[in-house]
Amino acid sequence: MNSDRHRSRKDAVTYGTSIPSFSVSIRVHLWLKLFLLPFCVSAVILLLTTIATTAQMRQGNGWVWQNPSPQGNPLYSIHFAPDKEIGYSVGSDNTVLRTVDGGFKWVRQDIPFSDVAFSSVFVKDKNVAFVVGARASIFMTENGGKDWKRITTDVKDHFSSIEFTGGDQKAGWITGTYGRIMRTDDGGLTWRSQTSGTSEQLLNIEAIDAMRAVAVGLGGVVLATADGGETWKASDPCSGSLISDVSFISETTVVAAGFAGCMVRSEDGGVTWTPVSIFSRADLLSVSFADDANGLMTDANGMVWVSGDGGRTWLPFNVRTNPKLVNVHFADKFTGWAVGENGLIVRTDDGGFSWQRLSEGGREDVNDLVFLDDEIGVAVGSRGKIWLTNDAGREWIATFSGTLSNLNSTFFFDGQRGWAVGDSGTVLRTVNGGASWGKGISGVTEDLLSVNFVSDRIGFAVGSTGTILRTDTGGAYWQKMESGTKLWLEDVKFFDDKTGVAVGNKGTILRTVDGAATWTQIKTGVKENLYSLSFYDEKNGFAVGSAGITLRTSDGGLTWQDQESASRFNLFAVQAFGTAAAIAVGELGTVLVTEDAGKTWAIQPSITSKVLQTLAYRGGNKLWVGGRGGAMIKRTESLSPRTQTIPKGPPILKNAAPRVRPKARVPLITVTDDGDIPFAVPVKKP
């Protein structure tokens, strides 16, 4: 594979910068749960100084999730009250969700004065619940989530799990970074530290009563106590492999699950362990037992494992889910829930043999989106996904594309005629606003990353290994043009049928004045990859790329000025909305705005730390942003700095066909969006 392969929408995210700004152990915990590549702890520490400021980016409102629903941030924990109706799920970016009907409807909870990743939740009853997370966060509600109060302690560690036990649920534990274990005996109102004897990050803890508990974590560490935590006995049953979760199934029987398919079982409360062969090397993420026989387990391959004999044997069931299910909670022999990446929530009512979805919306990456007016929009993404909206994004409808290739870019000349390009030379075109799509013949197999038309017939596309294509048949057939480079070209914009600019890897900027027949390389001295390009008019434009690079031109791309942005994260999309104004989005939920030609960039509050890859702006609060995992969010308030400018549309050639206004449309062939898991239907009560 070429070393300069497309990085803006596939693998440009550097390890460490795509994860929210938590602590070392919370990061490792969440990387475990999201099954990204585990990163060494020392490297993570170095990254903390780089990304600590991003917490401020996500503490404001002004946004609403449009897809997935109820939200798309990763979820790390789910727990229900004994009634199986009241439940909570928590995750990144201050996410706390509550349900009162067994998970069929979720409402986001507001915990003021916090902007952290919540890693664990415990629900005592319909009124009382606890959540814990980064920066020693412990929050408690006593009125069903209406109000939350912070429980303060004298430690600064980052917490990864919380557990209460006993009939009165007075006794409880919290685990966290550097072997931290906290104990409460008054129901969670006060906490004291216990000596664990390890400095490893403790990821989970399970207790059978106020005296007996087992904690697990990095380095394969397992700690067991039989005296309420006064002493802990250490063991390493998985030979150093990370152990992700543990579950008591009786007073003395415990099972633990970890990486590389390590499943172990103890008959003496966690002191000694016996390996259980599951004939799989998959990383095991979560385990939960409803009684002494029936248990569920999830792995990083999207499998759910079921045991009916106390964890001695396990049977895998393919839930056909991607992203992963990272936490599972079993309430009884039949009823269980699981959560994972991109806000996925699922439920089982038959002991784990089948699962239904409680969250809605597609989870394929959104690589590009356009709005033809304030209501009509189109988005394209991974695995050939195309979505239409007729109501400003309140509902996105999946339409049949006829391809499974990743679609990387879309462009509409007017309300009816549009195009999309993608991997392996894929070209699609529509003449009915996206209701149906047909294939064009590109004549190449390279990945196509950007498409731009100047009339209903003349268009251009760029892609991998310096590929440049031109069409004068409305996208039906394409001609390959000589670019003079083998570097990946990420974006292209034309002012008319002769003059255009393309940008790409290693600071590449190309300019043509003869309709792509020849290209001149513009020297800027920039070495960073350039991922996106936008012009407000034939003179003024912006380009953005890796490490927060921002460039501006005021002479149609002949010369460029290197500007300082407020971020060092990769920026994947930019849109100019004035001669000196632009919006850019990128890693860690970054949204930047400039109104002074890039001299300063203001960081906008965001509600997600997901990778944002595309945006469409039509002035005021009419801003839509798309990204990884199906993320589509919309601004509900005007930007700050704020403007009511409506960005200019694409150029109009004198001999071009008249433009047709957009109108509502329905896909000619309907497809189920993200239909790998059926929707759950509540059982009607007598």
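Residues numbered from 1 in each chain as written. Predicted model: local features only at pLDDT ≥ 70, side-chain atom pairs only at ≥ 80, totals over all residues. Heavy atoms only, no water.

Peer 1: Let's hear about the overall build of the protein chain: which residues, and what values?
Peer 2: A tally of helices and strands in the protein chain yields 2 helices and 56 strands. Counting the 686 residues in the protein chain, one finds 65% classified as buried. Sequence-distant contacts, at least 24 apart, represent 48% of the contacts inside the protein chain between residues at least 6 apart. Surface accessibility of the protein chain: about 25,100 Å² in total, with carbon and sulfur atoms responsible for 51%. (Helix = DSSP H or I, 4+ residues; strand = E, 2+ residues; numbered from the N terminus. Buried < 20%, exposed > 50% of the residue type's maximum accessible area, 1.4 Å probe, protein only. Contact = heavy atoms within 4.5 Å. Areas by Shrake-Rupley, 256 points an atom, 1.4 Å probe, with all protein chains shown as cover.)

Peer 1: So what's going on with the environment of Trp-396? Residues and values would help.
Peer 2: Positionally, Trp-396 belongs in the loop between strand E32 (386–389) and strand E33 (397–399). Expressed as a C-alpha distance, the spacing of Trp-396 and Met-632, which sit 236 residues apart in the sequence, is 9.6 Å. Once residues within four sequence positions are removed from consideration, Trp-396 is found in contact with Gln-66, Phe-371, Gly-377, Val-378, Ala-379, Trp-387, Leu-388, Thr-389 and Met-632. Within polar-contact distance, the side chain of Trp-396 engages the side chain of Gln-66 at 3.4 Å. Reaching out from Trp-396, the side chain makes a polar contact with the backbone oxygen of Gly-393 at a distance of 3.1 Å. (Polar contact = N/O pair within 3.5 Å; in protein donor to acceptor, adjacent residues only side chain to side chain.)

Peer 1: Lay out the sheet that holds strand E4 (residues 95–99) in plain terms, naming residues and giving numbers.
Peer 2: Sheets are built from strands paired through backbone hydrogen bonds, the pairs being either parallel or antiparallel. Pairing within the open sheet is antiparallel, and its 4 strands lie in the order E2-E3-E4-E5. The sheet is open, and its two edges are formed by strand E2 (75–80) and strand E5 (107–108), each paired on a single side. Judged from the 5 bridges that link them, strand E3 (residues 87–91) and E4 form a sheet pairing that is antiparallel. The partner of Tyr-88 across the bridge, within E4, is Arg-98. (Pairing = 2+ DSSP bridges.)

Peer 1: How would you sum up the sheet that holds strand E18 (residues 243–248)? Please name residues and give values.
Peer 2: With antiparallel pairing, the 4 strands of this open sheet are ordered in space as E18-E19-E20-E21. Edge positions in the open sheet fall to E18 and strand E21 (274–276), since each of these has one partner strand only. Here the average twist between neighbouring strands, direction ignored, is 25 degrees. (Axes fitted to C-alpha atoms, helices over the stretch in contact; angles between N-to-C directions.)

Peer 1: Please give an account of the pattern of salt bridges that cites residues and values.
Peer 2: For the structure on display, the rule yields 17 salt bridges. Glu-267 is the partner of Arg-265 in a salt bridge, and the nearest nitrogen-oxygen pair spans 2.2 Å. The exposure class assigned to Arg-265 is buried, which follows from its relative accessible area of 10%. Judged by relative accessible area, which is 45%, Glu-267 ranks as partly exposed. Three or more residues are tied together by salt bridges with common partners; here these are Arg-183, Asp-185, Arg-192 and Glu-230. (Salt bridge = Lys/Arg side-chain N within 4 Å of Asp/Glu carboxyl O.)

Peer 1: For the packing of aromatic side chains, give the residues involved together with the corresponding values.
Peer 2: On inspection of all chains with the given rule, the structure shows 22 aromatic pairs. Measuring from ring centre to ring centre gives 4.9 Å for Phe-130 and Phe-164, while their planes differ by 45 degrees; the resulting arrangement is tilted. One end of the pair, Phe-130, is in strand E7 (residues 129–133); the other, Phe-164, is in strand E10 (residues 159–165), with 34 residues separating them in the sequence. Each member of the pair, Phe-130 as well as Phe-164, is classed as buried. A ring pair is formed by Phe-494 and Trp-519, whose centres lie 6.1 Å apart and whose planes are at 90 degrees; its orientation type is edge-to-face. Residue Phe-494 is found in strand E42 (residues 489–494), and its partner Trp-519 is found in the loop between strand E44 (509–512) and strand E45 (520–521); the two are separated by 25 residues along the sequence. Accessibility classification places Phe-494 together with Trp-519 in one group, the buried group. Each member of the aromatic cluster is reached from another via a ring pair, and the members are Phe-122, Phe-130, Phe-164 and Trp-191. Directly above the aromatic system of Phe-679 lies the positively charged group of Arg-357, at a separation of 4.4 Å from the ring centroid. The ring of Trp-624 has Lys-634 lying over it, and the distance from NZ or CZ to the ring centre is 5.3 Å. (Phe/Tyr/Trp six-rings, centres within 6.5 Å; stacked < 30°, edge-to-face > 60°. Lys NZ or Arg CZ within 6 Å of the ring centre and 35° of its normal.)

Peer 1: So what about the state of the cysteines? Which residues, and what values?
Peer 2: Tallying each qualifying case throughout the model produces 1 disulfide. Note on cysteine connectivity: Cys-238 is disulfide-linked to Cys-262, with sulfurs 1.8 Å apart. Since a negative S-S torsion denotes a left-handed disulfide, the Cys-238-Cys-262 link at about -85 degrees is left-handed. You can see Cys-238 sitting in the loop between strand E17 (233–235) and E18 and its partner Cys-262 sitting in the loop between strand E19 (254–258) and strand E20 (263–266), a full 24 residues away along the chain. In terms of burial, Cys-238 and Cys-262 fall into one category: buried. (Disulfide = S-S within 2.5 Å.)

Peer 1: Quick rundown of the pairing of E32? Include the residues and the values.
Peer 2: Side chains Ile-386 and Leu-388 project from E32 onto one buried face, and the interleaved Trp-387 and Thr-389 project onto a second face that is buried too. Across 4 bridges, the pairing between strand E31 (residues 377–381) and E32 is antiparallel. What sits directly across from Ala-379, in E32, is Trp-387. Between the antiparallel neighbours E31 and E32 lie 4 residues, among them Arg-383 with a positive phi of about 55 degrees.

Peer 1: Quick rundown of the side chain of Ser-120? Include the residues and the values.
Peer 2: Take Ser-120: it is sitting in strand E6 (residues 118–123). Classification of Ser-120 as buried rests on a relative accessible area of 7%. Within polar-contact distance, the side chain of Ser-120 engages the backbone nitrogen of Ile-162 at 3.2 Å. If near-sequence neighbours (up to four positions away) are discounted, Ser-120 is found in contact with Ser-77, Val-90, Phe-130, Val-131, Val-132, Ser-160, Ser-161 and Ile-162.

Peer 1: Any details on the confidence of the model for the protein chain? Residues and values, ideally.
Peer 2: Predicted confidence across the protein chain gives a mean pLDDT of 88, with 87% of residues reaching 70 or more. Throughout residues 1–9 the model reports pLDDT below 50, and contacts reaching past four residues in sequence, or to other chains, amount to 29 contacts. Overall, residues 14–60 carries pLDDT values under 50, and its contacts beyond four positions in sequence, including any with other chains, amount to 118 contacts. (pLDDT = per-residue confidence, 0-100.)

Peer 1: If you had to explain the environment of Gly-541 to someone new, which residues and values would you point to?
Peer 2: Relative to the helices and strands, Gly-541 is located in strand E47 (residues 541–545). C-alpha of Gly-541 to C-alpha of Thr-579: the two residues are 38 residues apart in sequence and 7.4 Å apart in space. Residues contacting Gly-541, with those up to four places away along its chain left out, are Ser-534, Phe-535, Leu-551, Arg-552, Thr-553 and Trp-560.

Peer 1: Any chance you could break down the nonpolar core for me, citing the residues and the numbers?
Peer 2: Among soluble globular proteins, nonpolar side chains are generally buried collectively. Membership of the largest hydrophobic core comes to 18 residues, with the highest contact counts inside it found for Trp-63, Ile-583, Val-585, Leu-615, Tyr-617, Leu-623 and Val-625. Only strand E1 (63–67), strand E50 (571–578), strand E51 (581–586), strand E52 (591–594), strand E54 (612–617) and strand E55 (623–627) provide two or more residues apiece to this core. (Core = buried A, V, L, I, M, F, W, Y, C linked by side-chain atoms within 4.5 Å.)

Peer 1: Tell me about unusual backbone geometry, and name the residues and values.
Peer 2: Here the residue pair Asn-67 and Pro-68 is connected by a cis peptide bond, since its omega of -15 degrees sits within 30 degrees of zero. Within the secondary structure, Pro-68 sits in the loop between E1 and E2. That bond from Ser-69 to Pro-70 is cis: its omega, 10 degrees, falls within 30 degrees of zero. Of note, Pro-70 is situated in the loop between E1 and E2.

Peer 1: Describe a nonpolar patch on the surface, naming the residues involved and giving the relevant values.
Peer 2: Taken together, Phe-400, Leu-668 and Ile-669 make up a surface patch of nonpolar side chains, about 310 Å² in accessible area. For Ile-669, the location among the structural elements is in the segment after strand E56 (632–635). A relative accessible area of 48% means that Ile-669 is categorised as partly exposed. (Patch = residues over 30% accessible without salt bridge, like charges linked within 9 Å, V, L, I, M, F, W, Y side chains within 5 Å.)

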